[in-house]
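So you can see what is in the structure, the chains are spelled out below.
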Amino acid sequence: MSRGAVGLIWAQTPDGVIGAAGGMPWRVPEDLAYFKTVTAGCPVIMGRRTWESLPERFRPLPGRVNVVVTRDAARTGELAEQGAVTASSLEKALETAQAHISDARSTIWIMGGGAVYAEAVEKDLAGMASVTVINERVDGDTYAPELDPRRWELIGSAQGAGNWDISETGTPYRFETYRRV
Ligand SMILES: NC(=O)c1ccc[n+]([C@@H]2O[C@H](COP(=O)([O-])OP(=O)(O)OC[C@H]3O[C@@H](n4cnc5c(N)ncnc54)[C@H](OP(=O)(O)O)[C@@H]3O)[C@@H](O)[C@H]2O)c1
């Protein structure tokens, strides 16, 4: 599969924090709305821990095939009952997601968490990254992957370089898009 069909999507602080204690340590509803709009109708791939971080009432994420990667075969039955499609590797998850695409223009979105982003960048599986920068200093235990500037080009920020929108919660944020060059 061409990496052009695969995107990464996450939110991080300027220090690269994406998670803390199994959740996201900020509240920016505008980012959740953006995530919903960008991924609507597209398959999403996530690690088992990210799946578990979603409130039960929100999973599977509606209107999207939810592919969950786990190496633990014993979990697959329970995950399937909860509405996930399981895969035992990231490559198999991409094949599964591809098989569920009805519109050839759809993107397959890899939506975390830290372990899955790291593997996807390491293996060069994605052609695009949608990164929301949350301008807060917070302690975390899970980090965004490094996007090597020799391989990844910032092609746009919805707010313009250096500008921030302010969330209804008061937190500054901006949406950035990177392309694998
Ligand atoms: N800020 C954001 O945008 C964002 C987005 C998503 C998640 N997060 C945060 O990230 C944290 C979770 O990330 P995480 O790194 O701890 O976990 P994760 O990447 O969500 O899930 C890791 C689990 O996925 C499975 N897995 C990973 N790679 C696999 C592979 N190649 N093949 C098969 N299974 C594989 C394994 O499950 P088994 O143990 O079952 O084998 C592994 O334990 C949470 O705090 C969450 O809130 C943040």
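The structure under discussion appears in the preceding block.
Note that this is a predicted model, so its numbers are computed, not measured.

## Description of the site of the ligand
- Every one of the 30 residues lining the ligand counts as a neighbour, but A11, R48, T50, T70 and E119 are closest to it.
- Here A11 contributes a backbone N or O atom positioned 2.7 Å from a nitrogen atom of the ligand.
- Note that an oxygen atom of the ligand is positioned 2.8 Å from one of the backbone N or O atoms of R71.
- Contact with the protein chains covers 89% of the free accessible surface of the ligand, which is 930 Å².
- Considering each element in turn, the shell around the ligand owes the most residues, five residues, to helix α5 (residues 114–122).

## Let's talk about unusual backbone geometry
- Note the cis peptide between R59 and P60, where omega equals 0°.
- Tracing the sequence through the fold places P60 in the loop between α2 (48–53) and β4 (66–69).
- Each neighbour pair has its own omega, and for G112 with G113 the value is 0°, a cis peptide bond.
- Take G113: it is sitting in the loop between β6 (108–110) and α5.
- Of note, the phi angle at D124 is positive, near 60°, even though the residue is not glycine.

## Brief notes about the side chain of S130
- With respect to the helices, strands and loops of the structure, S130 is situated in strand β7 (residues 128–134).
- Sequence-distant contacts of S130, that is, excluding residues within four places in its chain, are made with L8, I9, W10, Y34, W109 and E176.

## As for the pairing of strand β11 (residues 172–180)
- Summarising burial for β11: seven of the nine residues are buried, a large majority.
- Here β7 pairs with β11 via seven bridges, running antiparallel. Pairing of M128 across the sheet is with R179, part of β11.
- Inspection of the sheet shows strand β9 (residues 152–157) paired to β11 by five bridges, in the antiparallel sense. What sits directly across from S157, in β11, is E176.

Cut-offs used in this document
Residues numbered from 1 in each chain as written. Predicted model: local features only at pLDDT ≥ 70, side-chain atom pairs only at ≥ 80, totals over all residues. Heavy atoms only, no water. Near = heavy atom within 4 Å. Polar contact = N/O pair within 3.5 Å; in protein donor to acceptor, adjacent residues only side chain to side chain. Areas by Shrake-Rupley, 256 points an atom, 1.4 Å probe, with all protein chains shown as cover. Helix = DSSP H or I, 4+ residues; strand = E, 2+ residues; numbered from the N terminus. Contact = heavy atoms within 4.5 Å. Buried < 20%, exposed > 50% of the residue type's maximum accessible area, 1.4 Å probe, protein only. Pairing = 2+ DSSP bridges.

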